[in-house]
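Given next are the chains, with one letter for each unit.
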Amino acid sequence: MTRKQTEAARRNVEKAQKAARAKKTLTKLPKQTRRDLGHQAAMSRQRGGQPGHKLEDRTRQDLYEVAKSKHIDGRSKMGKSELIAAIREAG
């Protein structure tokens, strides 16, 4: 690797680190939302990391697996709320 390439790589890493520090998306959320996320995490820990009975208690990955077993088309492009709606519609 040349000196020029090394310097470019270092700049790219520094730029990515700066962007990650600036983003801090969790700190920009409203206080109520952060509180709710903390409550959801506590409930998940209480269940031992297992999904709850309600679809809303499950992770997107858990919902994706349920949608996969129900052969729901387009599931890979769906978000959590879309997956929940599609699963409920599929019955």
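See the structure printed just above.
Structural notes, computed from the coordinates. No experiment lies behind these values; they were computed from the predicted model shown.

### Examining the environment of Glu-7
Here Glu-7 lies in helix α1 (residues 3-23). Along the backbone, Glu-7 and Arg-58 are 51 residues apart, and their C-alpha atoms lie at a distance of 44 Å.

### Things to note about unusual backbone geometry
A positive phi angle, close to 55°, is found at His-71, a residue other than glycine. Relative to the elements of secondary structure, His-71 occurs in the loop between α3 (60-69) and α4 (80-90). Given a relative accessible area of 66%, His-71 falls into the exposed group.

### Notes on α4
Listed in full, the buried residues belonging to α4 are Leu-83, Ile-84, Ala-86 and Ile-87. The buried side chains of α4 occupy one side of the element, clustering within an arc of 165° when seen end-on. Facing away from the buried surface of α4 by more than 90 degrees, the exposed residues are Ser-81, Arg-88 and Glu-89. Downstream of α4 by a residue or two, Gly-91 has a phi angle that is positive, lying close to 80°.

### Points about the nonpolar core
By size, the foremost hydrophobic cluster in this structure holds 11 residues: Leu-55, Leu-63, Tyr-64, Val-66, Ala-67, Ile-72, Met-78, Leu-83, Ile-84, Ala-86 and Ile-87. Mapped by element, the contributors of at least two residues to this core are α3 and α4. Non-local contacts of Ile-72, meaning those with residues more than four positions away in its chain, are made with Ala-67, Met-78, Ala-86, Ile-87 and Ala-90.

### A few points about the pattern of salt bridges
Counted under the stated rule, the structure contains two salt bridges. Between Arg-3 and Glu-7 there is a salt bridge, with the nearest N and O atoms lying 2.9 Å from each other. A residue pair is termed a helical-turn pair when its members lie 3 or 4 positions apart in one helix, as Arg-3 and Glu-7 do in helix α1 at four residues. We classify Glu-7 as partly exposed; its relative accessible area is 29%. Across the pair Glu-56 and Arg-88 runs a salt bridge, and its minimum N-O distance is 3.0 Å. With Glu-56 in the loop between α2 (31-46) and α3 and Arg-88 in helix α4, this pair connects stretches of sequence that are 32 residues apart.

Cut-offs applied
Residues numbered from 1 in each chain as written. Predicted model: local features only at pLDDT ≥ 70, side-chain atom pairs only at ≥ 80, totals over all residues. Heavy atoms only, no water. Helix = DSSP H or I, 4+ residues; strand = E, 2+ residues; numbered from the N terminus. Buried < 20%, exposed > 50% of the residue type's maximum accessible area, 1.4 Å probe, protein only. Arc of directions from axis to C-beta. Core = buried A, V, L, I, M, F, W, Y, C linked by side-chain atoms within 4.5 Å. Contact = heavy atoms within 4.5 Å. Salt bridge = Lys/Arg side-chain N within 4 Å of Asp/Glu carboxyl O.

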